[in-house]
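Structure at a glance
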Amino acid sequence: MFYDYIVIAIYFVLILAIGVVFSRMASKSTSDYFRGGGRMLWWMVGSTAFMAQFSAVTFTGAAGKAFADGFAIVAVYIGNTFAFFVGYAFFVHRFRQMRVDTPTEGIKRRFGPQNETFFAWALIAFSFLNAGVWLNALGVFTSAVFDADISYTIVGIGFTVLFVSVLSGAWGVVASDFVQTLVVAVVSIACAVVALVMVDGPVNMIKNFPGGFLIGPNMNYPLILFGTFIFFLPKQIITMMNLHDSFRWLNAKDSFNARKAALLAMTLMGVGSIIWFIPPWAAATLYPDAAADYAQLGNKAGDAVYLVFAKNAMPIGTVGLLMAGLFAASMSSMDSALNKNAGIFIRSIYQPFLAKRKKHKEDKKLLRISQLVSFISGLGVITAALFFASLKKLSLFELMMSVSTMVQVPMMVPLVVGIVVKKTPKWAPWATIAVGFFVSWLVMNVFTAEVCAGLFGIESLTEREIIDMNIILTVAGHVFITAGFFWATSLFYNEGKDENKLETDRFFEDLQRPVIADGLQDEVDRQQRRKLGNMVMVMSAGILLMGLIPNPLWGRMMFVICALIISSIGFLLKRSAKIKSFSS
């Protein structure tokens, strides 16, 4: 483990360095701090959108699901890919065209100031919940690798993320996500290639998968699996393409770059949906008792299968690189939450509070308060992660799905449908959320999977089928009942009583009006390429040094090839920064 510790230590130094390097670009205004002033290039925006959906759950909970159930887990990630495509086709350029710095400012323009305040508090609270799930996933995995106390692990990683987010805001967040995307790609592709070689190719991997690769074990009714796939498509659109998550696309320098960013995220997610899960699929044949290695994790033992594969099949040092990828995934989720929370609090809670008292603070002072809010938000996320770590009975995948379907979907329904349906009363958003929570409660306690199965004459379901059926019923309830309720509120719309009508009209007009970058953008473009190019080159040098670790020749060559690929990307970025006429 000595070399793995060194790899992780160097990785942390690199991430901290990114925070320092980009701190100056975030120190000019709150707009720069919250969203990079809306001046980021498509490849930066696309990589951060991709990393936000990736999370450490992919290498832990989702990998455990792939190890146990085969191909079924890909449905979630195909849903992500489809959502990015829908974003490219309809949503992301409209989000950029809202012409706001924070997502709740967009909510204010669409639904009015009262809904802005309601969603500001609700979304901050939810972000603690969501980021806490992801940070807990990383804590579970890290504690298993190093046999460390999970609480200390969560606190240590949490404070590292705090440093980057507080110091450099959106620039540091997005820049670190870009570098981390490369780390994830290197780890994933290397592990996938080795896995396929060890199982004698994809055909044998599929043929020898225990319990059947496409359907998997404990699935007597394949129609349930098909239903899960179908309902994951609208679910991922709701949870990814809403006014709350619009903050990822507010960073783009113009409408065109926002759409290109969505295409990049779609491509990365589509390719990654297969590559990520090859190692756990192979491990089901190579190491069928992998979960036994980490029995101390209880029901979460299967979530460490990626680690088992890396330790047994990959060259020395790969576990360290894998952990770096996991840190990357969780950091991208957590630092985005911290930065977004700061923007929401300042623009939608603190500034309206000052306005009511006819007070004003300079933007520089607001910037300092934003950094303080980021710090406090980080403490909230760490606290949530520590709480989730105490829930021993839930697997990480079940925990993620429970938070997403029961809490996130009903909150986001009005923030998606509200982009399409214009004439709704001001009480429609919060009333829709209330209906959504009732639907979640109904599925959990009344119209359960067992009750639904009984209506079709099915006497019993396996544990896996119950979990999948609950997901189907919850998402279906929100798609048809919760979203249908919001749509139906248009019947109660009274134009004469709509105090926000003029701003809503201007909001929808802006959604159709493209954002075009100004003449000052070229210099910012060059800074992004130059700074990121340098950081990528440094990272490639670190991976090149891993070729010195005492490994078989093929293991050394793997690190050298990965380093050369990454260094070529860094070289191209630096080279493009010198070409004045370079087209973004």
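Note: the structure precedes this text.
Model, not experiment: these values are computed from the prediction.

Rules behind the numbers
Residues numbered from 1 in each chain as written. Predicted model: local features only at pLDDT ≥ 70, side-chain atom pairs only at ≥ 80, totals over all residues. Heavy atoms only, no water. Helix = DSSP H or I, 4+ residues; strand = E, 2+ residues; numbered from the N terminus. Buried < 20%, exposed > 50% of the residue type's maximum accessible area, 1.4 Å probe, protein only. Axes fitted to C-alpha atoms, helices over the stretch in contact; angles between N-to-C directions. Parallel < 35°, antiparallel > 145°, perpendicular 65-115°, else oblique. Left-handed = near helix turned anticlockwise from the far one by under 90°. Contact = heavy atoms within 4.5 Å. Nonpolar A, V, L, I, M, F, W, Y, C, P; charged D, E, K, R; others polar. Core = buried A, V, L, I, M, F, W, Y, C linked by side-chain atoms within 4.5 Å.

Overview of unusual backbone geometry
Its identity is not glycine, yet Arg99 carries a phi of approximately 60°, on the positive side. Inspection of the secondary structure assignment puts Arg99 in the loop between α5 (74-96) and α6 (103-111). The class of Arg99 is partly exposed, set by a relative accessible area of 30%.

Quick word on the packing of helix α4 (residues 61-69) against helix α12 (residues 278-286)
Direction vectors running N to C along α4 and α12 enclose 45°, while the axes themselves pass 8 Å from each other. As summarised for this structure, α4 and α12 are arranged oblique, according to the angle between their axes. The two elements α4 and α12 cross, and the hand of that crossing is right-handed. Along its contact with α4, which presents Ala63, Ala66 and Phe67, the element α12 presents Pro280, Trp281, Ala283 and Ala284. Of the residues assigned to the contact of α4 with α12, the class counts are 7 nonpolar, no polar and no charged.

Here's the deal with the nonpolar core
Grouped together as the largest cluster of nonpolar side chains are 158 residues, with contacts concentrated most on Phe84, Leu243, Trp249, Phe277, Trp281 and Leu532. In terms of residue count, the dominant contributor to this core is helix α8 (residues 150-198) (19 residues). Not counting the four nearest positions on each side in its chain, Leu532 is found in contact with Phe22, Trp43, Met44, Ala175, Phe178, Val179 and Leu573. Membership of the second largest hydrophobic core comes to 9 residues, among which are Tyr33, Leu354, Leu366 and Val373.

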